[in-house]
Amino acid sequence: MEKRDFKTVKYFEFEQIRNEIFQSNYFFNCDLERLSKHFLEYFLPIEVFKADFKTILESYREHIFLTDIFSGTDFIDIRYKEKVKKDEEKFKDEKSFHRYVCEEHLHIKTLPKDELLSWYEKASEDLQSIDETLNYIEGGLNEVNQKNDVHKKQELKPILEYYKEHNVKAKLKIIDFITHDIRSFVIKRLKGDSFPSGFFFEPYGYNKDLYWPQRPSVMINKCGDLLVPEHTKLQKLYYEDNVAFTKAISDYINDNNTLFKIRDSILYSHILYERREYIEELLNLYENGSHMIFTSCVPSFIEGVFHDLCLVFGYDNNELLSEGFQKKVDKLKENLGHHLCYEYYIFYFRLLRNRVAHGQVKGSEIAGLANILLLDMEHITSLVNLETIPYNY
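Below, the structure is looked at part by part.

How each quantity is defined
- Residues numbered from 1 in each chain as written.
- Predicted model: local features only at pLDDT ≥ 70, side-chain atom pairs only at ≥ 80, totals over all residues.
- Heavy atoms only, no water.
- Helix = DSSP H or I, 4+ residues; strand = E, 2+ residues; numbered from the N terminus.
- Rg over C-alpha atoms; globule rule 2.2 N^0.38 Å.
- Buried < 20%, exposed > 50% of the residue type's maximum accessible area, 1.4 Å probe, protein only.
- Contact = heavy atoms within 4.5 Å.
- Areas by Shrake-Rupley, 256 points an atom, 1.4 Å probe, with all protein chains shown as cover.
- Axes fitted to C-alpha atoms, helices over the stretch in contact; angles between N-to-C directions.
- Left-handed = near helix turned anticlockwise from the far one by under 90°.
- Nonpolar A, V, L, I, M, F, W, Y, C, P; charged D, E, K, R; others polar.
- Expected span 1.5 Å × (residues − 1).
- Polar contact = N/O pair within 3.5 Å; in protein donor to acceptor, adjacent residues only side chain to side chain.
- Parallel < 35°, antiparallel > 145°, perpendicular 65-115°, else oblique.
- Phe/Tyr/Trp six-rings, centres within 6.5 Å; stacked < 30°, edge-to-face > 60°.
- Lys NZ or Arg CZ within 6 Å of the ring centre and 35° of its normal.

## Some remarks on the overall build of the chain
Across its full length, the chain carries 18 helices and zero strands. Taking 2.2 N^0.38 as the reference for a compact globule, 393 residues should give roughly 21 Å; the C-alpha atoms of the chain span a radius of gyration of 31 Å, well beyond that estimate. Its C-alpha atoms give the chain principal-axis dimensions of roughly 90 × 55 × 45 Å. Per-residue burial for the chain yields a buried fraction of 43% across its 393 residues. Of the contacts formed within the chain by residues at least 6 apart in sequence, a portion of 65% connects residues at least 24 apart. A total of about 22300 Å² of accessible surface is found on the chain, and carbon and sulfur atoms cover 51% of it.

Right under this line is the structure:
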């Protein structure tokens, strides 16, 4: 091995040496002492693996330990001298010294094989969690099919199948991570590549709480300007007290000038502008208390906007006309991502739309549903004005 002069080595050369060590066959098999020696072997003019600790330390002090680069009396120089003094204290024994070399020069604080093992264990635990979730989903699907309850088939089966698909994809992703990427990922973590200080990076994006089957909140696409406690309170009211929920939402609509915002958004989108008379008629129905008619019309308005959004993204009109609501939402998910609130429209709104179309909405529900659909209109009008949509920028 060609020896280098630590005091004259260039930064890119030093990084190349670090990379050689990190990519070496011995990297995940060494303890900190051997990693330290592999590093020192590049710079010390001795045979590090044959030398005793006293010889290594003396050579390190002479050729690497920079005691004189800050010799002035200003703040930086004084602080560096203080660091040198503290570093000297870490040379008291061989184990402490080699740990210091790994931390100071290789920036390694955790034993590589321990870090690798911890990620193997985490990935294994996540795979076990996914298997448990998939077993639960299969049980739920079997129960729905056996009972042959039409309502449960419409409501629960799509949710279970949706989460089944996502858990299967997550499982394959984790297996691929273990098979191909885990070592390179650990190396990047240990090197600090692409990881801002204190930032934790999840390699395959799995969170068991997000992959457990659950109904979407009716508030997921609404009232985003509220503080978290206030938003959570509204969600709780929806399930526990319909009267209080309806009043709270009505107050929000008035305080937030929701009707004005919807009308104002028409001017900024060609999709809405083409429907300006229809939108105005819908808002008049809401303002005049004709909530039954308003509730019956809004789902068709939203589906029509989704159809036009699909056209904007380049989908064929004839194909769209032959497809149902879910297919359109699936297409928009690919283009709008989290802005769409996909789970809300595919699970909650789809069922609400069907209930309204079949006249299954109770009179006591109308005022509350009118508020929900008005806020859905507000979400849709903000959605079509996103800068990511063609013709909006």
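## Focus on the packing of helix H3 (residues 53-63) against helix H5 (residues 94-106)
Where H3 meets H5, the axes come as close as 11 Å, and the angle between the chain directions of the two elements is 35°. For the pair H3 and H5, the sense of crossing is left-handed. Two secondary-structure elements touch here, H3 through Phe53, Ile56, Leu57 and Tyr60 and H5 through Glu94, Phe97, Tyr100, Val101 and His105. Residue composition of the contact of H3 with H5, by class: seven nonpolar, one polar and one charged.

## Quick notes on helix H6 (residues 112-147)
If you check H6, its first and last C-alpha atoms are 53 Å apart, about what 36 residues at 1.5 Å a residue would give, namely 52 Å. Looking one or two residues past H6, Asn148 carries a phi angle of roughly 55°, positive in sign.

## Comments concerning the side chain of His379
Tracing the chain through its elements places His379 in helix H18 (residues 366-383). For His379, the side chain forms a polar contact with the side chain of Asn221, separated by 3.5 Å. When near neighbours in sequence (up to four residues on either side) are disregarded, His379 contacts Asn221, His339, Leu340, Cys341 and Tyr345.

## Comments concerning the packing of H6 against helix H7 (residues 150-191)
Angle between the axes and distance between the axes are the two parameters that describe a pair of packed helices. Where H6 contacts H7, the axes come no closer than 9 Å and their chain directions differ by 170°. In terms of orientation, H6 lies roughly antiparallel with respect to H7. For the pair H6 and H7, the sense of crossing is left-handed. Split into classes, the residues belonging to the contact of H6 with H7 amount to 23 nonpolar, four polar and 12 charged.

## Section: the environment of Ile380
By secondary structure assignment, the location of Ile380 is in helix H18. Residues Ile380 and Leu340, spaced 40 residues apart in sequence, show a C-alpha to C-alpha distance of 8.6 Å. Among all residues touching Ile380, those that are not within four sequence positions of it are Ile302, Val305, Phe306 and Tyr345.

## Structural notes on H5
Compared with the 18 Å implied by 1.5 Å per residue over 13 residues, the 17 Å span of H5 between its first and last C-alpha is a close match. Of all the positions in H5, only Phe97, His98, Tyr100, Val101, Cys102, His105 and Leu106 are classed as buried. For H5, the capping residue at the N-terminal end is Asp93, with a side-chain oxygen 3.2 Å from the backbone nitrogen of Lys95. Downstream of H5 by one or two residues, His107 has phi in the positive range, about 60°.

## Focus on the packing of aromatic side chains
Counted according to the given criterion, the structure contains 31 aromatic pairs. Its guanidinium or amino end placed over the ring of Tyr273, Arg276 lies 4.0 Å from that ring's centre, counting from NZ or CZ. The residue whose ring lies beneath Lys331 is Tyr315, and the NZ or CZ to ring-centre distance is 5.5 Å.

## As for the environment of Asn29
Looking at the secondary structure, you find Asn29 in the loop between helix H1 (11-22) and helix H2 (32-43). Residue classification places Asn29 among the exposed residues on the basis of a relative accessible area of 60%. Remark: the alpha-carbon pair of Asn29 and Ile372, spanning 343 residues in sequence, is separated by 60 Å. For Asn29, the side chain forms a polar contact with the main-chain oxygen of Asn25, separated by 3.3 Å.

Distances and angles like these do not, on their own, reveal function.
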